[in-house]
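Structural overview
Single-letter residue listing:
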Amino acid sequence: MLLSRHQVPARRERDPDRLERSAYLLLCRIDTEGPMSIGQLAEAFGLDTSTVNRQTAALLRCGLAERVADPDGGMARKLCITVEGARRLAEDREVNQSCLARVVGDWSPEEVRELENVLVRLNRSAEALEGRFWPRTEEDAPRAACRPPLPRESLTPAPQAPATPAP
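Notes on the structure in this doc start here.

Conventions adopted
- Residues numbered from 1 in each chain as written.
- Predicted model: local features only at pLDDT ≥ 70, side-chain atom pairs only at ≥ 80, totals over all residues.
- Heavy atoms only, no water.
- Helix = DSSP H or I, 4+ residues; strand = E, 2+ residues; numbered from the N terminus.
- Buried < 20%, exposed > 50% of the residue type's maximum accessible area, 1.4 Å probe, protein only.
- Contact = heavy atoms within 4.5 Å.
- Areas by Shrake-Rupley, 256 points an atom, 1.4 Å probe, with all protein chains shown as cover.
- Core = buried A, V, L, I, M, F, W, Y, C linked by side-chain atoms within 4.5 Å.
- Expected span 1.5 Å × (residues − 1).
- Arc of directions from axis to C-beta.
- Patch = residues over 30% accessible without salt bridge, like charges linked within 9 Å, V, L, I, M, F, W, Y side chains within 5 Å.
- Salt bridge = Lys/Arg side-chain N within 4 Å of Asp/Glu carboxyl O.
- Axes fitted to C-alpha atoms, helices over the stretch in contact; angles between N-to-C directions.
- Parallel < 35°, antiparallel > 145°, perpendicular 65-115°, else oblique.
- Nonpolar A, V, L, I, M, F, W, Y, C, P; charged D, E, K, R; others polar.

The subject of this paragraph is the overall build of the chain. Across its full length, the chain holds seven helices and two strands. Buried positions account for 26% of the 167 residues belonging to the chain. Of the contacts formed within the chain by residues at least 6 apart in sequence, a portion of 50% connects residues at least 24 apart. Approximately 11700 Å² of the chain is accessible, and the part contributed by carbon and sulfur atoms is 57%.

Here it is as structure tokens:
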């Protein structure tokens, strides 16, 4: 969170075409899950529907999302990412990934994997506490670390490396 807090404002100052944080998160969710209603988005993020309504209105005004009939035949209209929204989301993802690659550029592959595993575990633990699991894309599906934790895992502390005294 600290990394993203410092990265997003600096990046938006350099390039005003970058997505606002809320737009990025909403588009990511819609991109991953497919069309969603405002109520579904509010539930997914644990937000009030009026907040999500304002945020999605901005997406609609910018042409990043559009309202579509419910593909499952429901009564509520749903929000779908547009071609422009998908393009902007892909650009922002690429920028985010390249920024992170620079941050860990001098790390060993083992250190990068360790960070990835710890961050995945952190995300899964936060999701488990809230009871809201972030959907993963198919490319993530084979990775066991991206699945919700089994109840046994959440009760078992991770092995700790022995502390090394400072020189």
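Okay, back to it.
A separate point is the nonpolar core. Counting 19 residues, the largest nonpolar core has Leu19, Leu27, Leu41, Leu59 and Leu89 as its most contacted members. Elements that contribute at least two residues to this core include exactly α2 (21–33), α3 (38–45), α4 (49–61) and β2 (78–81). In terms of residue count, α2 provides more of this core than any other element does, six residues in total. When near neighbours in sequence (up to four residues on either side) are disregarded, leucine 89 contacts Leu19, Tyr24, Leu27, Cys28, Asp31 and Ile81.

Turning our eyes to something else, we now look at helix α6 (residues 109–130). For α6, spanning 22 residues, the distance from its first C-alpha to its last is 32 Å, which sits close to the expected 32 Å at 1.5 Å a residue. Within α6, the full set of buried residues consists of Val120, Arg124 and Glu127. Summarising the axial view, the buried residues of α6 lie within an arc of 65°, below the 170-degree limit, and thus occupy one face. Turned more than 90 degrees from where α6 packs its buried face, Glu114, Val118, Leu122, Leu129 and Glu130 sit exposed.

Moving on to a nonpolar patch on the surface. A cluster of nonpolar residues, Trp107, Val112, Leu115, Leu119 and Leu122, forms a patch on the protein surface that exposes about 410 Å² of accessible area. Owing to a relative accessible area of 55%, leucine 122 belongs among the exposed residues under this scheme.

Before going further, it helps to spend a moment on the environment of leucine 79. By the secondary structure assignment, leucine 79 is in strand β2. Leaving out residues up to four positions away in the same chain, leucine 79 has contacts with Ile30, Gly34, Pro35, Met36, Ile38, Leu41, Thr56, Leu60, Glu66 and Arg67.

A separate point is the packing of α2 against α3. Between α2 and α3, the least distance of the axes is 11 Å, while the angle of their chain directions is 110°. In this view, α2 runs roughly perpendicular relative to α3, as classed from their interaxial angle. Facing α2, whose interface residues are Leu25, Leu26, Arg29 and Ile30, α3 presents Leu41, Ala44 and Phe45. In terms of residue class, the contact of α2 with α3 is made up of six nonpolar, no polar and one charged.

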